[in-house]
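# Understanding the architecture of this molecule
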Amino acid sequence: MNTTNLSPFRRTVVGIQFLFVAFGATVLVPLLVGLDPATALFTAGIGTFIFHLVTKGKVPIFLGSSFAFIAPIISASKQWGMPGTLAGIVGVSLVYFIMSALIRWQGRKLLDKLFPPVVIGPVIILIGLSLSGSAVDMAKNNWLLACVSLTVAILVLTLGKGLIKLVPVVCGIVVGYIVAICMGEVDFTPVMNAPWFALPPAISQFHLPQFAWEPFLFMIPVAIAPVIEHIGDVYVVAAVAKKDFVKEPGLHLTMLGDGLACLAASFFGGPPVTTYSEVTGAMSITKITQPQVIRISAATAIVFSVIGKLSALLQSIPAAVLGGIMLLLFGTIASVGIQNLVQHKVNLNKTRNTIIISVTLTIGIGGAILTWGNFAMSGIGLSAIVGVLLNLILPQEKDEEVEEA
């Protein structure tokens, strides 16, 4: 399909359709961490526009709420409150800025040395496994509702075709929500009382993050996995669009754009944003890779963010319905980490690889905490740092050195 010949109407329709592909995941993150979904839609739209501005409007990428930060945000908010957590998100953007500078200076070679698959694989696995307890806790509020939403999502993934296959989260939540209504589990009072038009908290309650070193340092290591995911997504989008975005506008600019979007999200009180593979999948199916269409998706997200009743409706979804989706979603994230190890042919017969993977997983799952004065680091962030250090410190095995030479 020649996307340059699309009429303005068709571009608008496709742009809205792409937003719905990313909609479920974008609003699910704030619902799980206690943020307003309208704010997440607003920051996704603003973040996408910032990304397109930095990348000269050439890269068809949509930015939405990142699942990698669910567990860290929940943990950080318990320790430092949401204002302190937002300061931590500023730290996330700093990682993107540093990586952007490194890529411009050294190319991707340095990143491959610091973050090979043997490090990134177990970190991604931990992102999924660290959230499994939350999924079960929410699902057990009503196992029937959880099983309904889970079953529908699985059926869509396995039997769905075309674009419908890309929205299992939306389908599972919609059907689970309808069943919950029939069971009398939904309170529509907040929806009835909500205004049709309402500025999201991102605008009406705009405030600068309350800076503190502890959450700032806490969040920085967690950004490693999304940074590597960003690089992979840019390569995938380039393949779908049949253009070399790594060279033009350049990987350093896409990284910078994502970092600035995360910085904007922290200022507006939203979750960190990242590139969305779901939208890339939709582009692959429709063969529509025009950046202008993605910007229509971003504009639609901002419009949706000011519909007060939509925000109230999203917040009325029972926890069990979301829990059922999470049982699949977080397990899927963990499986992506395993897939990463398999695709890159990480040899688990190598003692060095076994040590890196096992120690990284054990520290993350076991709940290890590193304290220094008032500062504490744990979970995914601590595990990521340990994995990177082990990879740098442990000597390469002889036959591995020959292969690399």
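Model, not experiment: these values are computed from the prediction.

### Things to note about helix H6 (residues 132-139)
Within H6, the full set of buried residues consists of Ala-135, Met-138 and Ala-139. Seen end-on, H6 carries its buried residues on one side only, within an arc spanning 100°.

### Some words on the environment of Glu-185
Mapped onto the fold, Glu-185 is located in the loop between helix H8 (168-182) and helix H9 (189-193). Residue Glu-185 is classed as partly exposed on the basis of its relative accessible area of 42%. Note: C-alpha distance between Glu-185 and Pro-318 (133 residues apart in sequence) is 7.1 Å. Here Glu-185 is in contact with Asn-142, Leu-145, Ala-180 and Pro-318, once residues within four sequence places are set aside.

### Structural notes on the layout of surface pockets
In this approach, a probe sized like a water molecule rolls over the atoms, and the result shows the empty space that is left. Considered as a void within the structure, the second largest pocket measures approximately 580 Å³ in volume. Taken together, 29 residues make up the lining of the second largest pocket; nearest its centre are Ala-71, Pro-72, Ser-75, Ser-130 and Gly-379. Listed by contribution, the elements that provide at least two residues to the lining of the second largest pocket are helix H3 (70-106), helix H5 (117-129), H6, helix H17 (319-343), helix H18 (351-366), strand S4 (375-378) and helix H19 (379-393). The biggest single contributor to the lining of the second largest pocket is H3, with seven residues. Tallied by class, the residues present in the lining of the second largest pocket amount to 18 nonpolar, nine polar and two charged.

### What to know about the confidence of the model for the chain
Taken over all residues, the pLDDT of the chain has a mean of 82, while the share at 70 or more is 90%. The least confident element of the chain is helix H20 (residues 398-404), whose mean pLDDT is 53; the most confident is helix H2 (residues 37-54), at 92.

### Side note on the environment of Ile-73
Mapped onto the elements, Ile-73 comes out in helix H3. Sequence separation between Ile-73 and Pro-215 is 142 residues, and the spatial gap between their C-alpha atoms is 9.5 Å. In contact with Ile-73, other than residues within four places in its own chain, are Val-33, Met-82, Thr-85, Met-219, Pro-271 and Pro-272.

### A closer look at the state of the cysteines
Per the stated rule, a full pass over the model turns up zero disulfides. For Cys-171, which is in no disulfide, the shortest distance to another cysteine sulfur is to Cys-182 and amounts to 17 Å. Classification of Cys-171 by relative accessible area gives buried; the value is 17%.

### Focus: the packing of H5 against H19
Where H5 meets H19, the axes come as close as 9 Å, and the angle between the chain directions of the two elements is 165°. In terms of orientation, H5 and H19 fall into the roughly antiparallel class. Along this stretch, H5 crosses H19, giving a crossing that reads as right-handed. Of the residues in H19, those touching H5 at Val-118, Val-119, Val-123, Leu-126 and Ile-127 are Ile-380, Ser-383, Ala-384, Gly-387, Val-388 and Asn-391. Counted by class, the contact of H5 with H19 contains eight nonpolar, three polar and no charged residues.

Cut-off values and rules
- Residues numbered from 1 in each chain as written.
- Predicted model: local features only at pLDDT ≥ 70, side-chain atom pairs only at ≥ 80, totals over all residues.
- Heavy atoms only, no water.
- Buried < 20%, exposed > 50% of the residue type's maximum accessible area, 1.4 Å probe, protein only.
- Helix = DSSP H or I, 4+ residues; strand = E, 2+ residues; numbered from the N terminus.
- Arc of directions from axis to C-beta.
- Contact = heavy atoms within 4.5 Å.
- 1 Å grid on protein atoms, 1.4 Å probe; cavity = no way out; pocket = protein on both sides within 12 Å on 5 of 7 lines; lining within 4 Å.
- Points joined across faces, edges and corners; volume = space filled by probe spheres on them.
- Nonpolar A, V, L, I, M, F, W, Y, C, P; charged D, E, K, R; others polar.
- pLDDT = per-residue confidence, 0-100.
- Disulfide = S-S within 2.5 Å.
- Axes fitted to C-alpha atoms, helices over the stretch in contact; angles between N-to-C directions.
- Parallel < 35°, antiparallel > 145°, perpendicular 65-115°, else oblique.
- Left-handed = near helix turned anticlockwise from the far one by under 90°.

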